[in-house]
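Single-letter residue listing:
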Amino acid sequence: MSTGYIGNTAGKGAVRYAQKRAARGRPVRQHDTGGRRPGPGSYLFLLVVFVVSVFPLYAAAMYGSSTSQEIARAVGDLPTWFPTLVLLENFREVVTASQFNFWMAFANSVLVAVAVTASTVFFSTLAGFSFAKLTFRGRQVLYVTVIATMAIPAQVGTIPMFIMMNDFGWIDSLAALTVPTLVTAFGVFWMTQYLQEALPFELVEAARVDGASMFRTFWSIAMPAARPAAATLALFTFVGSWNSFFWPSVVMRSQLTMPLVVPQLKGAFTSDTGLVMSGVFLVAAPLLVVFVVAGKQLVSGVMAGAVKG
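A short note on unusual backbone geometry
Notably, D172 is not glycine yet its phi reads approximately 65°, a positive angle. Within the secondary structure, D172 sits in the loop between α7 (158-168) and α8 (175-178). Note on D172: relative accessible area 18%, which makes it buried.

A closer look at the packing of aromatic side chains
Evaluation of the coordinates by the stated rule reveals 17 aromatic pairs. Between F122 and F123, the aromatic rings sit 5.2 Å apart at their centres with planes inclined by 75°, giving edge-to-face as the arrangement. With a relative accessible area of 24%, F122 lands in the partly exposed category. Judged by centre distance (6.0 Å) and plane angle (20°), the ring pair of F238 and W242 falls under stacked. With a gap of four residues between them, F238 and W242 both fall in helix α12 (residues 227-243), about one helical turn apart. Neither F238 nor W242 differs from the other in exposure class; each is buried. Within the aromatic cluster, the residues linked to one another by ring pairs are F122, F123, F129, F215, F218 and W219.

What to know about the pattern of salt bridges
Summed over all chains, the structure comprises one salt bridge. As a salt-bridge pair, R92 and E89 come within 2.7 Å of each other at their nearest N and O atoms. With a gap of three residues between them, R92 and E89 both fall in helix α4 (residues 85-95), about one helical turn apart. Classification of E89 as partly exposed rests on a relative accessible area of 36%.

Focus on the nonpolar core
Formed by 32 residues in total, the largest nonpolar core has its most connected members in F100, L177 and W242. Those elements giving two or more residues to this core turn out to be α4, α5 (102-133), α8, α12, α13 (246-251), α14 (258-264) and α15 (273-308). Other than its neighbours up to four places away in sequence, L177 contacts V112, V116, W247, P248, V251, M252 and T257.

So, a nonpolar patch on the surface
Taken together, the side chains of L44, L47, V48, F50, V51, V52 and V54 present a nonpolar region at the surface, about 650 Å² in accessible area. Along the chain, V51 turns up in helix α2 (residues 40-64).

Considering the side chain of T117
Within the secondary structure layout, T117 lies in helix α5. By relative accessible area, which is 10% here, T117 ends up buried. Here A113 takes part through its backbone oxygen, which lies 2.6 Å from a polar atom of the side chain of T117. Not counting the four nearest positions on each side in its chain, T117 is found in contact with A234, T237 and F238.

Looking at the confidence of the model for the protein
Taken over all residues, the pLDDT of the protein has a mean of 80, while the share at 70 or more is 81%. Looking at the elements of the protein, mean pLDDT is at its lowest for helix α1 (residues 12-23), recorded as 60, and at its highest for α5, recorded as 92. Low pLDDT, under 50, characterises residues 30-34; the predicted model gives this stretch six contacts beyond four residues in sequence or across chains. Confidence drops under pLDDT 50 across residues 304-309; counting only partners more than four residues distant or on other chains, this segment forms ten contacts.

Topic: the packing of helix α10 (residues 201-209) against helix α11 (residues 214-225)
Taken N-terminus to C-terminus, the directions of α10 and α11 make an angle of 130°; their axes are 10 Å apart at the nearest point. Here α10 is positioned oblique relative to α11, judged by the angle of their axes. When the axes of α10 and α11 are compared, the crossing they make is right-handed. Taking contact as the criterion, the partners of L203, V204, A207 and R208 in α10 are, on α11, M214, T217 and I221.

Points about the environment of W103
Secondary-structure assignment places W103 in helix α5. Sequence separation between W103 and L256 is 153 residues; the distance between their C-alpha atoms is 10.0 Å.

About the criteria used
Residues numbered from 1 in each chain as written. Predicted model: local features only at pLDDT ≥ 70, side-chain atom pairs only at ≥ 80, totals over all residues. Heavy atoms only, no water. Helix = DSSP H or I, 4+ residues; strand = E, 2+ residues; numbered from the N terminus. Buried < 20%, exposed > 50% of the residue type's maximum accessible area, 1.4 Å probe, protein only. Phe/Tyr/Trp six-rings, centres within 6.5 Å; stacked < 30°, edge-to-face > 60°. Salt bridge = Lys/Arg side-chain N within 4 Å of Asp/Glu carboxyl O. Core = buried A, V, L, I, M, F, W, Y, C linked by side-chain atoms within 4.5 Å. Contact = heavy atoms within 4.5 Å. Patch = residues over 30% accessible without salt bridge, like charges linked within 9 Å, V, L, I, M, F, W, Y side chains within 5 Å. Areas by Shrake-Rupley, 256 points an atom, 1.4 Å probe, with all protein chains shown as cover. Polar contact = N/O pair within 3.5 Å; in protein donor to acceptor, adjacent residues only side chain to side chain. pLDDT = per-residue confidence, 0-100. Axes fitted to C-alpha atoms, helices over the stretch in contact; angles between N-to-C directions. Parallel < 35°, antiparallel > 145°, perpendicular 65-115°, else oblique. Left-handed = near helix turned anticlockwise from the far one by under 90°.

Written out as structure tokens, the structure is:
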């Protein structure tokens, strides 16, 4: 058994850098970056990425602030550059639309996204702990099999999955959206890779020597150690579940989720572009709130995990 495990998560390049600094009598201190600071080019690149990322949502809001006539006249350009009261009127029409229940669709999306996120984080961390720190027969083969499933497009299994949901009587039920995504291969891979480096074997062995059961070891030792990666996985999973459109459009009939609201705003022969874009903005707005509320805690958690190991 190796006793030199230090839980390094910074990479071999950082280790070589630290060794060179130590050889010169200047050991690396916490948050030491070698005196280098991001230059203007880095900030300019981040600004460009930010503008490109935010522009589609901004454009949706500007189209939602315009009437159909204004949008038709503004060929190749935004109809307006600043929000108007038309946007609020379109919001009201979307929320009070007669062809669907907006608040029911919102509640369905929240319920499915929260349930899928919680189950994915829990089961992925449990599987990651097993693959990373436990030894059992067939572990490597099973792990490779799980990872290999990521190469299979989700659309390939649509028909078999639909038949299963129909046999279970889950068509037009939230169970059809929740159960098939209780855990993902990406989540298992993500947590396995993180726990391999972030969780020392000595902590697991010490817990077992103290008489803790395997599940207690997982809950009390592995889960706290995996918190930074689990927070990142939770955010990715929540966003993916909230934005899911293809599978809900296949199995849902009367019950809608937020992405399914937007097609309902289009008429059979005509479409109010401003109204549709307002619906798009309302679908994306809750994700903005999630990023604003959880963004700082997410970044601080990831950085704490990278520093502490």
